[in-house]
Amino acid sequence: AITAGDSFLFFYTHDMVRHNNVLPNAHFHKNWARRVRTWFDQPAKKLARRRARAEKAKQSFPRPSAGAIRPVVHSQTVRYNLKTRFGRGFSLEELQEAAIPKRFARTIGIAVDHRRKNRSVEVLQNNVKRLKTYKANLVVYPIKAKKVLAGETSPEEFKKHGQVNRAILPPRNALTHSQSGAISADAQKKSVYTALRTARADARIVGKLKIRRNDKN
């Protein structure tokens, strides 16, 4: 019989962690409540940015709100050079081809980069075309409304035009797809791998082959 003076020893058993899970080792000693970053002001920030854009456009009127027109250039490296983007400014050669003085270009909203060099004829021609298109559609407000100079627009004409609130002549990255077709019998007989390896080997030993030909002659 069990009496009041008897003592008992209890063993508490619990289940081990099941499966191959990570042992709980959370760190809650970093004052998380003070360091946490919330985003509750996202709708208010969106409205503030919109109001800032409207105020910037108002201050830059009648100039385009997006800023000066910029050239379209190719991105760097082999990985990204198929894509086009806005450059810093038009080169002096492009301005010369478009018959626009470099000092006058900055006054009519054309970005100029005197350090940029043209190493591609295609890019040069495209940017010259952009400048000519921009110049043809340009509306120059007169400095004095009573005295309209050559190249400026009359007050009656520029009242018809509003402010441009978008990017000026944005670049367009057109996707090019290679055409597929049936492989001809002549193409099946040839090995592209062999042709590439042969061309690579010929390019590597072109100096030795030249010496051999000279020795024979």
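Here, every reference points to the structure presented above.
Remember, predicted model here, so these are calculated numbers, not experimental data. (Residues numbered from 1 in each chain as written. Predicted model: local features only at pLDDT ≥ 70, side-chain atom pairs only at ≥ 80, totals over all residues. Heavy atoms only, no water.)

Participant: Sorry, what's going on with the nonpolar core here?
Facilitator: Here is a general trend for soluble globular proteins: nonpolar side chains tend to be buried in one another's company. I69, F90, L95, I100, A105, I110 and L131 are the most contacted members of the largest nonpolar core, which has 14 residues in total. For this core, the element with the highest residue contribution is helix 6 (residues 121-136), accounting for 4 residues. Each residue touching I100, except ones within four places of it in the same chain, is listed here: L95, A105, I110, L131 and K135. (Core = buried A, V, L, I, M, F, W, Y, C linked by side-chain atoms within 4.5 Å. Buried < 20%, exposed > 50% of the residue type's maximum accessible area, 1.4 Å probe, protein only. Helix = DSSP H or I, 4+ residues; strand = E, 2+ residues; numbered from the N terminus. Contact = heavy atoms within 4.5 Å.)

Participant: Help me understand a positive patch on the surface in this model?
Facilitator: Residues R197, R200, R204, K208, R212, R213 and K216 make up a contiguous surface patch of positive charge. Listed by contribution, the elements that provide at least two residues to the positive patch are helix 9 (192-204) and helix 10 (206-216). The biggest single contributor to the positive patch is helix 10, with 4 residues. The exposure class assigned to R200 is exposed, which follows from its relative accessible area of 53%. (Patch = residues over 30% accessible without salt bridge, like charges linked within 9 Å, V, L, I, M, F, W, Y side chains within 5 Å. Areas by Shrake-Rupley, 256 points an atom, 1.4 Å probe, with all protein chains shown as cover. Salt bridge = Lys/Arg side-chain N within 4 Å of Asp/Glu carboxyl O. Lys, Arg positive; Asp, Glu negative; His and termini not counted. Charge placed at Lys NZ, Arg CZ, Asp CG, Glu CD.)

Participant: Just checking my understanding: could you explain the side chain of T84 for this structure?
Facilitator: Mapped onto the fold, T84 is located in strand 2 (residues 84-86). Judged by relative accessible area, which is 18%, T84 ranks as buried. Those residues in contact with T84, other than ones at most four positions away along the chain, are V72, V73, H74, P171, R172 and N173.

Participant: Help me out: how do you make sense of the pattern of salt bridges in this one?
Facilitator: Side chains that carry opposite charge are capable of pairing whenever their charged atoms lie near each other. A full pass over the atoms with the stated rule returns 2 salt bridges. Here D113 ties to R115 by a salt bridge, and the two come within 3.6 Å at their closest N and O atoms.

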